[in-house]
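Read off the chains here:
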Amino acid sequence: MAFNILLVDDSATVRAVISKALTLAGVDINELHQAGHGQEALDVLDDQWIDLIFCDISMPVMDGEEFVKVMNEKGMIETIPVVIVSSAGSEPRVARLRQLGVRDYVQKPFTPERIREVVDQVMGVIQDAE
Amino acid sequence: MQNSVQEQLCSTFSEVAEQLTFMFGEVVPKDEANTPDKLFTKARMTFTGDLAGTLSLAVPSDTTAEIAANILGLEPEDIETESMMNDALAEMLNVVCGHVIMSMVGKDANFKLATPVTDFVSEEQYAHMMASEEYVTLLLDENPVFLGLKLES
């Protein structure tokens, strides 16, 4: 099954690294969308069908926590899984985000294997038999 | 900078640098890292919360392509723009900063990271990095780097 994935991070480097990690991890991608902050991500969600979101915390304009709160208020977080990818994920913050509906947290730096693990868990994909 | 803070800072930086860029860090005395003829690029960011201050990382400008390439899994010649190099350096600092704060305060730390800014290092700034106790020097795969931490009391 191929996914429409949205990457939300103000760093083009991070978006490229996650994109590469998804490819190396063998995740089947139909469309890959990108946003530089939470507001841009909301604009993408208005126009595009998204199956999964990877989102940073520290971003200008609208940070990850605010973005997740808005998704929660709109009822979107129940149907579009959000995974936080950050180096600013302290335990209290991650706990707050999980209470808002975030499905998982990936700490930077990460490996393709960790990305695959998260995608499989969050999207309920059964891993291919080797 | 207190010895314990310096040790934690350098140890965390080296660990993150290795995981992120596959480059190995080694603390060296400042005179060993002193290369005033090189042009340096510096990334700097502030943080607030349980721990507040500024973290800076200055690397030789001619290594920023290698750092970006290692992070992105590309060859240095694929890193075509200064923007890509600076963004990668900024992201490296961002990751180091989060890890440094949690190593010093604990995983239950409350903190916010500002967006890093990058720029070339002027002669005056270079002289300040050499003279100031806020900066320590490392070799990152034989490249001299300056790591600066200023904590607000």
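Above this text sits the structure in question.
Note that the structure is a prediction, hence the values are computed from the model and not measured.

J.: Even after reading the chapter, I still don't get helix α5 (residues 123–131) of chain B, so can you show me in this structure?
T.: Spacing of three or four residues puts side chains on the same side of an α-helix, whose turn is 3.6 residues. Residues and elements named next belong to chain B. Listed in full, the buried residues belonging to α5 are Y126, M129 and M130. Taken down its axis, α5 places every buried residue within 100° of arc, on the same side. In α5, the exposed positions angled more than 90 degrees off the buried face are occupied by E124 and A131. Residues of α5 that are buried make contact with α2 (30–33), β2 (40–49), β3 (53–60), β6 (135–140) and β7 (143–151).

J.: What is the right way to look at the pairing of strand β4 (residues 82–86) of chain A in this model?
T.: For a regular strand, side-chain orientation follows a simple rule: the groups alternate between the two sheet faces. Residues and elements named next belong to chain A. A large share of β4 lies buried, amounting to 5 of its 5 residues. Burial along β4 is two-sided: V82, I84 and S86 facing one way and V83 and V85 facing the other are all buried. By the bridge criterion, 3 bridges tie strand β3 (residues 52–55) to β4 in an arrangement that is parallel. Bridge pairing links I53 to V82 in β4. What joins β3 to β4 is helix α3 (residues 64–73), and the crossover it makes is right-handed.

J.: Please clarify how the interface of chain A and chain B should be interpreted in this entry.
T.: Contacts between chain A and chain B engage 22 residues on the former and 23 residues on the latter. Carbon and sulfur atoms supply 52% of the area that chain A and chain B bury against each other, a total of about 1,700 Å² over both sides. Taken as a group, A:T13, A:S87 and A:P109 account for 31% of the area that chain A buries against chain B, more than any other trio of residues on that side. For the pair chain A and chain B, the interface holds 1 salt bridge. For the pair chain A and chain B, the number of links is 11 residue pairs in polar contact (both at pLDDT 80 or more).

Cut-offs applied
The residue numbering used here restarts from 1 in each chain and proceeds along that chain's sequence as written. Throughout, the order in which chains and ligands are written sets their labels, letters from A for the former and numbers from 1 for the latter. Thresholds applied to this predicted model are a pLDDT of at least 70 for local features of residues and 80 or more for the giving and counting of side-chain atom pairs; totals over whole chains, interfaces and linings are not thresholded and use all residues. With hydrogens and water stripped out, all remaining heavy atoms of the structure feed into the side-chain values. Under the scheme applied here, a residue whose accessible area is under 20% of the maximum for its type counts as buried, over 50% as exposed, and between as partly exposed, the area being computed with a 1.4 Å probe on protein chains only. Numbering of helices and strands runs from the N terminus; a helix is a DSSP stretch of H or I covering at least four residues, while a strand is a stretch of E covering at least two. Of all possible arcs, the one meant is that of the directions from the helix axis to the C-beta atoms. Residue contacts follow a heavy-atom distance rule, with two residues in contact if any of their heavy atoms lie within 4.5 Å. For two strands to be treated as a pair, DSSP must find at least two bridges joining them. Classification remark: right-handed applies to a crossover when, strands pointing away from the viewer, the course from the first strand over the helix to the second runs clockwise. What counts as buried area is the accessible surface, traced by a 1.4 Å probe, that two parts surrender upon association, with contributions from both included. One speaks of a salt bridge when a side-chain nitrogen belonging to Lys or Arg is within 4 Å of a carboxyl oxygen belonging to Asp or Glu. Whenever two N or O atoms come within 3.5 Å, that pair is a polar contact, provided that in protein one can donate a hydrogen and the other can accept it, and provided that, for residues adjacent in sequence, both atoms are side-chain atoms.

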